[in-house]
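# Tertiary structure, described
Letter by letter, the chains look like this.
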Amino acid sequence: MFWTEVERDVLQVSGPDAFTYLQSQLSNDLRPLGVGDSLWSFVLEPAGRIDALARVWRTADDTFVLDTDAGAGDALVLRLQRFKIRVRADIERLDWRCIAVRGDAAGAVDAIDGLAAWGGGVDLLGPDVVPPAGVAEGTPDDLLAARIEASWPAMPSEIESGRTIPAETGLTTVAVSFTKGCYPGQELVERMDSRGATAPRLLKVVDVAPGTQVGDPVTLDGVEVGQVTSVAGSRALAFVKRSARDALSG
C-alpha cells in the first residue's frame, strides 16, 4: 500500500438549487447520495460526448464538491455555467489537495477515512489533508501503474473532451444511471444501451513490449487494431477495435 499526492481540479456547487441543477445536468443519479457520500458521473455535451468525468461528493444538503482530472476543471466550470439560467446555485473553484492511497491491503485501505476511488483505493480530498500514518510514500509512476491495472480512464489521455463517448470508456455501469430523468446527452447513451450497441473502439489493458510509448499502435497478427493511450512498463491502456478486444492479451 502506498500514497502519493495527485493534482485534481476541484469546484463547489452550492445553493438552494444546487441539487436540482446538478441532477438535471449529470449522467448519474444524485437522489441516493446522502451527506458525506460520493459517486462518479459524466458531464456530457447535448450530443452525448463527454465534457468531463467527475466525482461528486455531497458535503451538505445544498452543497456538492466535484473533482476531476487536472486541467479539466475550467471546461467543467464552463459547461456547468452554460445552462445555469435563473438557478440559485454558485459555482466556485477550490484550491484543495488530493492524496491518493492505493495498494493490495484492501482491509487497511478501507480503514482510511476518505472518498472511494478507482481501483479499490481511497482519496483524501480537502484544503488541509495529510498522508495517512504508517503508509509508505509512492510515486506518480506507481499511481499510473495502478490506474492502468484498474482500467480507469483519465483526461485527456483516454477521455478527450468533446470527442469521447461514454460507451468507449467502460464506465457506463459506474457513471451513468439508466433510470433517472433527462439530462444533456442522455439520448445517445440511452439509444446505445437500448439497442445493445457497442462502441467501435473500447478501452482495454494490454501487454506491450519494452519501450512502448503513448501513441504507438497496438497490433494483432501484424494488423493495427488500436493505439496506446497510457503506459507503465509492460502494461498499457489502449483503445482497440471491438472486433479485436477479446483476442488481445492483457
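One can find the structure itself at the top, above this paragraph.
Conventions adopted
Residues numbered from 1 in each chain as written. Predicted model: local features only at pLDDT ≥ 70, side-chain atom pairs only at ≥ 80, totals over all residues. Heavy atoms only, no water. Pairing = 2+ DSSP bridges. Helix = DSSP H or I, 4+ residues; strand = E, 2+ residues; numbered from the N terminus. Axes fitted to C-alpha atoms, helices over the stretch in contact; angles between N-to-C directions. Contact = heavy atoms within 4.5 Å. Buried < 20%, exposed > 50% of the residue type's maximum accessible area, 1.4 Å probe, protein only. Polar contact = N/O pair within 3.5 Å; in protein donor to acceptor, adjacent residues only side chain to side chain. Core = buried A, V, L, I, M, F, W, Y, C linked by side-chain atoms within 4.5 Å.

### Considerations on the sheet that holds strand β11 (residues 201-207)
Taken together, the 4 strands give an open sheet; going across it, the order is β11-β14-β13-β12, and neighbouring strands pair in antiparallel fashion. Looking at strand neighbours, the two that pair on one side only are β11 and β12 (217-220), the edges of this open sheet. The sheet shows a mean angle of 40° between the axes of neighbouring strands, taken without regard to direction. Note: β12 against strand β13 (residues 223-232), 4 bridges, orientation antiparallel. By the bridge assignment, T219 is partnered in β13 with E224. Where helix α4 (residues 140-149) meets the sheet, it contacts β11, β13 and β14 (235-241), and its direction lies at approximately 140° from that of β13.

### As for the side chain of Q25
Looking at where Q25 falls in the secondary structure, it is placed in helix α1 (residues 18-25). Take Q25: its relative accessible area is 6%, and that puts it in the buried class. Only 3.3 Å separates the side chain of Q25 from the side chain of S24, close enough to count as a polar contact.

### Details of the sheet that holds strand β9 (residues 122-126)
As a general point, the strands of a sheet are linked pairwise by backbone hydrogen bonds and lie either parallel or antiparallel. The strand order β8-β9-β7-β1-β10 describes an open sheet built from 5 strands, whose pairing is mixed. Looking at which strands have only one partner, the edges of the open sheet turn out to be β8 (115-116) and β10 (136-137). Alignment of strand β1 (residues 2-5) against β10, held across 2 bridges, turns out to be parallel. Following the sheet pairing, W3 is matched in β10 by E137.

### Description of the environment of R93
Note on placement: R93 falls in strand β6 (residues 90-94). The class of R93 is partly exposed, set by a relative accessible area of 39%. As a C-alpha pair, R93 and D9 span 84 residues in sequence and 7.9 Å in three-dimensional space. Discounting chain neighbours no more than four positions away, the residues touching R93 are D9, V10, L11, G73, D74 and V77. Within the structure, R93 has its side chain in polar contact with the side chain of D74 (distance 2.5 Å).

### A look at unusual backbone geometry
The omega torsion across M155 and P156 is 0°, close enough to zero to call that bond cis. Counting through the fold element by element, P156 comes out in the loop between α4 and α5 (166-169). A positive phi angle is found at R86, which is not glycine, with a value near 55°. Considering the arrangement of structural elements, one finds R86 in the loop between α2 (73-82) and β6. Overall, R86 belongs to the exposed group, its relative accessible area being 80%. Phi angles above zero are rare outside glycine, and D221 is one such case at about 55°.

### What about the nonpolar core?
V13, L66 and L80 are the most contacted members of the largest nonpolar core, which totals 37 residues. Listing elements by their share of this core, those giving two or more residues are β2 (8-14), α1, β3 (38-44), β4 (50-60), β5 (63-69) and α2.

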